[in-house]
Amino acid sequence: MFGILVPVGGGDDIPLKKKELIVGRKEECDIVLRFPNVSSRHCKLVLSSGYWYVVDLNSSNGVKVNGMRVTDRRVDPGVKLVIANHAFNLDYDPSANGAFGAPPPDMLDADVFSKSLMERIGMNKGPTKRPGATGAHDKPKTEPRKKELDRNSLSIDDIELR
């Protein structure tokens, strides 16, 4: 066993028996949370370098670590992990899981240039559109009209570079 998820407020502890676990509402998930606000495949828990990481799998209601919504974050021992609105403390010993030296990066995907800043903080979802709603973004895009110029009125703003 690599750690335990302890429900805040009571409930059965959930043993972390594998190094990668899918958490969600579907029965085929490794950890099944039978709540309507939990997505079918909500998040993934990954053990790397002795530490647990949580990766949001584009869930509807998100994942928080110590109150901050995240898409990919190291979850240190004793830290509060919230899946949808269900809170757990993650109890484990990094050294027993193979950790040594300084803690690894805060994110499993440590290549900071692989995602935009907005994706890294969990703001990668654009505005949702209600069915039947229309807005300025629905209007067809038209090409800007080209100015008719004479030689004497040409300015730098009128030149199109290709």
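Scroll up to find the structure this text is about.
As the structure is a computational prediction, the values presented were derived from the model and not from experiment.

### A short note on the side chain of Asn 97
Phase 1: Inspection of the secondary structure puts Asn 97 in the loop between strand S11 (86–91) and helix H1 (117–120).
Phase 2: Sequence-distant contacts of Asn 97, defined by excluding residues within four places in its chain, comprise Phe 2, Leu 47, Gly 50, Trp 52 and Tyr 92.

### Details of the pattern of salt bridges
Phase 1: Going through the model one piece at a time under the given rule, you end up with five salt bridges.
Phase 2: The shortest N-O distance in the salt bridge between Glu 27 and Arg 34 comes to 3.1 Å.
Phase 3: Here Glu 27 falls in the exposed class, since its relative accessible area comes to 52%.
Phase 4: Notably, a salt bridge pairs Arg 74 with Asp 76, separated by 2.6 Å at the nearest N-O pair.

### Quick notes on the pairing of S11
Phase 1: Note that strand S1 (residues 4–7) and S11 share four bridges and pair antiparallel. Note on S11: the bridge partner recorded for Pro 7 is Phe 88.
Phase 2: The pairing of strand S10 (residues 80–83) with S11 spans four bridges and is classified as antiparallel. Within S11, the residue paired with Leu 81 across the bridge is Phe 88.
Phase 3: The hairpin turn running from S10 into S11, its antiparallel successor, is two residues long, and Ala 84 in that turn takes a positive phi close to 60°.

Parameters at a glance
Residues numbered from 1 in each chain as written. Predicted model: local features only at pLDDT ≥ 70, side-chain atom pairs only at ≥ 80, totals over all residues. Heavy atoms only, no water. Helix = DSSP H or I, 4+ residues; strand = E, 2+ residues; numbered from the N terminus. Contact = heavy atoms within 4.5 Å. Salt bridge = Lys/Arg side-chain N within 4 Å of Asp/Glu carboxyl O. Buried < 20%, exposed > 50% of the residue type's maximum accessible area, 1.4 Å probe, protein only. Pairing = 2+ DSSP bridges.

Geometry only, nothing functional implied.
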